[in-house]
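Here is how the chains run, residue by residue.
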Amino acid sequence: MDEKALSTLTPEQAQVIPAIVQHMMGPLVEAMGKLLENNTAALQQLSAAQQVQNDRLEALERQIRLNTPVTRQQVRYLSAAMKEHALELLDKSSVSDPKAVRKLVGIIKKDVLSHYGITALEEIPKHEYNVAMHNIGTWNNMRIVREVVKEARKREEEAAEAALADVEPATS
C-alpha cells in the first residue's frame, strides 16, 4: 500500500518533497557541521597543549641530565686516567718524580675542570663522562710538560748535589 501511495504522487508533490526534506534536514546538518568545527578546534587546542607539555618535559629531562653528576667511581676513574696520562707524558722524558706527576695531574685536572666551568670533578655532568675521559686521554700541552720536566730535573740535580755534599765532608 505504501508503494502505491508513493507512486500516486503528483509531479507538484514530487517537487515539494526535496524542499521539505531540505527544510527538515538543513538545521540538523548545520548543527552537525558546527559540532565538527567545535570538535576540530578543541582537538587543535589539545594538540597545542600537548606540544607545550612535551616541550616542558623535554626541557626538564635535559635539565635533570645536566644536573646529574658523575658517580664516585667515575671520579676515581677520571683521577686514575689523569695520573696514568701524566705518567705517560713524563715517561717520554724519562722523568718519574712523584712531585712532577702530582703537578702535571693538577694541571690536567685544572684544564678539564675549566672546560666545564666547575671546581671539582664530582660536578662533571654524568652524560659528559666519556667526553671528559677523552679530553684527559688527548690532553697534550708540550710547553707545560717541558716546564714540569725542567723543574723535576732541577730537583734531581739539587738532590744529587746535596747528596754529594753530604758524602764529601765524610770522606775529608
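Residues numbered from 1 in each chain as written. Predicted model: local features only at pLDDT ≥ 70, side-chain atom pairs only at ≥ 80, totals over all residues. Heavy atoms only, no water.

A.B. asks: Help me understand the overall build of the chain in this model?
C.D. replies: Of the regular secondary structure elements, the chain holds six helices and zero strands. Relative to a compact globule of 172 residues, whose C-alpha radius of gyration would be 16 Å, the chain shows 42 Å and is clearly more extended. A principal-axis box enclosing the C-alpha atoms of the chain has dimensions of 150 × 25 × 25 Å. Accessible area for the chain stands at about 13200 Å²; split by element, carbon and sulfur atoms hold 57% of it. (Helix = DSSP H or I, 4+ residues; strand = E, 2+ residues; numbered from the N terminus. Rg over C-alpha atoms; globule rule 2.2 N^0.38 Å. Areas by Shrake-Rupley, 256 points an atom, 1.4 Å probe, with all protein chains shown as cover.)

A.B. asks: Could you clarify how one ought to interpret the pattern of salt bridges in this entry?
C.D. replies: Any two side chains of opposite charge can pair, on the condition that their charged atoms come close. Per the counting criterion, the structure on display carries four salt bridges. For the salt bridge of Glu58 with Arg62, the shortest nitrogen-to-oxygen distance reads 3.4 Å. Within this pair, Glu58 and its partner Arg62 are both found in helix α2 (residues 11-67), separated by four residues, close to a single helical turn. Residue Glu58 is classed as partly exposed on the basis of its relative accessible area of 46%. Judged by its relative accessible area of 37%, Arg62 falls in the partly exposed class. (Salt bridge = Lys/Arg side-chain N within 4 Å of Asp/Glu carboxyl O. Buried < 20%, exposed > 50% of the residue type's maximum accessible area, 1.4 Å probe, protein only.)

A.B. asks: Can you help me understand the nonpolar core in this one?
C.D. replies: A general tendency of soluble globular proteins is for nonpolar side chains to be buried together. Leu78, Leu90, Leu104, Ile108, Ile124 and Trp139 are the most contacted members of the largest nonpolar core, which totals 30 residues. Listed by contribution, the elements that provide at least two residues to this core are α3 (72-91), α4 (98-116), α5 (129-138) and α6 (142-171). It is α4 that contributes the most residues to this core, nine residues altogether. Setting aside residues up to four positions removed in sequence, Trp139 forms contacts with His85, Leu89, Leu104, Ile107, Ile108, Asp111, Ile144 and Val145. (Core = buried A, V, L, I, M, F, W, Y, C linked by side-chain atoms within 4.5 Å. Contact = heavy atoms within 4.5 Å.)

A.B. asks: Is there a simple way to explain the packing of α4 against α5 in this structure?
C.D. replies: The description of two packed helices rests on the angle between their axes and on the distance between the axes. Packing of α4 against α5 leaves a shortest axis separation of 10 Å and a crossing angle of 140°. The angle between α4 and α5 places the two elements in the oblique class. Of the two elements, α4 crosses α5, and the hand of that crossing is right-handed. Across from Ile108, Val112, His115 and Tyr116 in α4, the residues of α5 making contact are Val131, Ala132, Asn135 and Ile136. Tallied by class, the residues present in the contact of α4 with α5 amount to six nonpolar, two polar and no charged. (Axes fitted to C-alpha atoms, helices over the stretch in contact; angles between N-to-C directions. Parallel < 35°, antiparallel > 145°, perpendicular 65-115°, else oblique. Left-handed = near helix turned anticlockwise from the far one by under 90°. Nonpolar A, V, L, I, M, F, W, Y, C, P; charged D, E, K, R; others polar.)

A.B. asks: Please explain the environment of Glu12 as it appears in this structure.
C.D. replies: In this fold, Glu12 is placed in helix α2. Using a relative accessible area of 53% as the deciding quantity, one classes Glu12 as exposed.

A.B. asks: How do you make sense of a nonpolar patch on the surface when you look at a structure like this?
C.D. replies: Taken together, the side chains of Leu9, Val16, Ile17, Ile20, Val21, Met24, Met25, Leu28, Val29 and Met32 present a nonpolar region at the surface, about 890 Å² in accessible area. Mapping Met32 onto the fold places it in helix α2. (Patch = residues over 30% accessible without salt bridge, like charges linked within 9 Å, V, L, I, M, F, W, Y side chains within 5 Å.)

A.B. asks: Quick question: what am I supposed to make of α3 here?
C.D. replies: One full turn of an α-helix is made of 3.6 residues, so residues set three or four places apart face in the same direction. Compared with the 28 Å implied by 1.5 Å per residue over 20 residues, the 28 Å span of α3 between its first and last C-alpha is a close match. Among all positions in α3, only Gln74, Val75, Leu78, Ala81, Met82, His85, Ala86, Leu89 and Leu90 are buried. One side of α3 holds all its buried residues, which, seen down the axis, span an arc of 160°. Among the exposed residues of α3, those oriented more than 90 degrees off its buried face are Arg72 and Asp91. (Expected span 1.5 Å × (residues − 1). Arc of directions from axis to C-beta.)

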